[in-house]
Amino acid sequence: MKKITGIALALALVTVPAGQALAGWKLVSPAKPTTIGKTSLSVTAGEEWNRNTYRPIKKSELWTLDGVGLNELYFVTGLIAGEPLYRELDKKNKPLPKLGKAMQLTDIPDFFESSQRVALNTSLFQLSGTEPIKFAGVDGVRFTYEYAVQGNPMKYKGVAQASLLKGQLYLISFTAPAIHFYDRDRARAEAIMASAKH
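Residues numbered from 1 in each chain as written. Predicted model: local features only at pLDDT ≥ 70, side-chain atom pairs only at ≥ 80, totals over all residues. Heavy atoms only, no water.

Q: Let's hear about the confidence of the model for the chain: which residues, and what values?
A: Of all residues in the chain, 88% attain a pLDDT of 70 or more, and the chain-wide mean is 88. Scored below 50 in pLDDT, residues 1-23 makes 65 contacts in the model with residues more than four places away or belonging to other chains. (pLDDT = per-residue confidence, 0-100. Contact = heavy atoms within 4.5 Å.)

Q: Give a description of helix α2 (residues 108-120) that names residues and reports values.
A: Working note: α-helix, 3.6 residues per turn, so residues spaced by three or four point in the same direction. Over its 13 residues, α2 extends 18 Å from the first C-alpha to the last, a length consistent with the 18 Å expected when each residue adds 1.5 Å. Of the residues making up α2, those classed as buried are Ile108, Pro109, Phe111, Phe112, Glu113, Ser115, Gln116, Ala119 and Leu120. Asn121 occupies a position one or two residues after α2 and carries a positive phi of about 55°. (Helix = DSSP H or I, 4+ residues; strand = E, 2+ residues; numbered from the N terminus. Expected span 1.5 Å × (residues − 1). Buried < 20%, exposed > 50% of the residue type's maximum accessible area, 1.4 Å probe, protein only.)

Q: Explain the environment of Phe143 to me, and be specific about the residues and the numbers.
A: Positionally, Phe143 belongs in strand β8 (residues 138-148). Along the primary structure Phe143 and Thr130 are separated by 13 residues, whereas in three dimensions their C-alpha atoms are 4.2 Å apart. Dropping the residues within four chain positions of it, Phe143 is found in contact with Ile108, Pro109, Phe112, Leu127, Gly129, Thr130, Gly158, Val159, Ala160 and Leu171.

Q: Help me get a handle on the pairing of strand β9 (residues 155-165), residues and values and all.
A: Here β8 runs beside β9; their pairing, made up of 9 bridges, is antiparallel. Bridge pairing in β9 links Phe143 to Ala160. In this antiparallel pair of consecutive strands, β8 and β9, the connection spans 6 residues, and Gly151 shows a positive phi of 90°. Two elements, β9 and strand β10 (residues 168-177), share 10 bridges in a ladder whose sense is antiparallel. Bridge pairing in β10 places Gly158 opposite Thr175. (Pairing = 2+ DSSP bridges.)

Laid out in structure tokens, this is it:
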């Protein structure tokens, strides 16, 4: 399976059958905590997800049920000031936004949006809702979004939850096609977000 970077986070249509891990993927055991990366953050899945052994950035993980173009959970753990949300593909001409030192919870949705616009090379991205929540036991933010990518007729929707702990960003986003997959899998993804603990 090819490495998944940048635009491929939303556009790769690699199919991974539910309940079956392919080369480069491992199954997440349901009903028991799974530690994300080398951090204290853990989540509990209600069913088997496929966990990519390749990390888009050092402090991230990618999970899917059916393939990253169909249902994608993206975890970011312990991102510090000066680091981007995704891997830089064209640092000179299209640099990704970096996490700011003075970033507040209310800034996270805009940081996510601007990162997505660059990573996906699209202007067709909009936030559709934002609200304060508790995430992984601390104050956090929940936001929804939708987008399309030029040249691709598929429309995508997503929901994310995030918090700042000691100045570090922790985020889980779920993205899927607006047709069928988003509505089918959103509750499963949000249950994982709700299970997050430090």
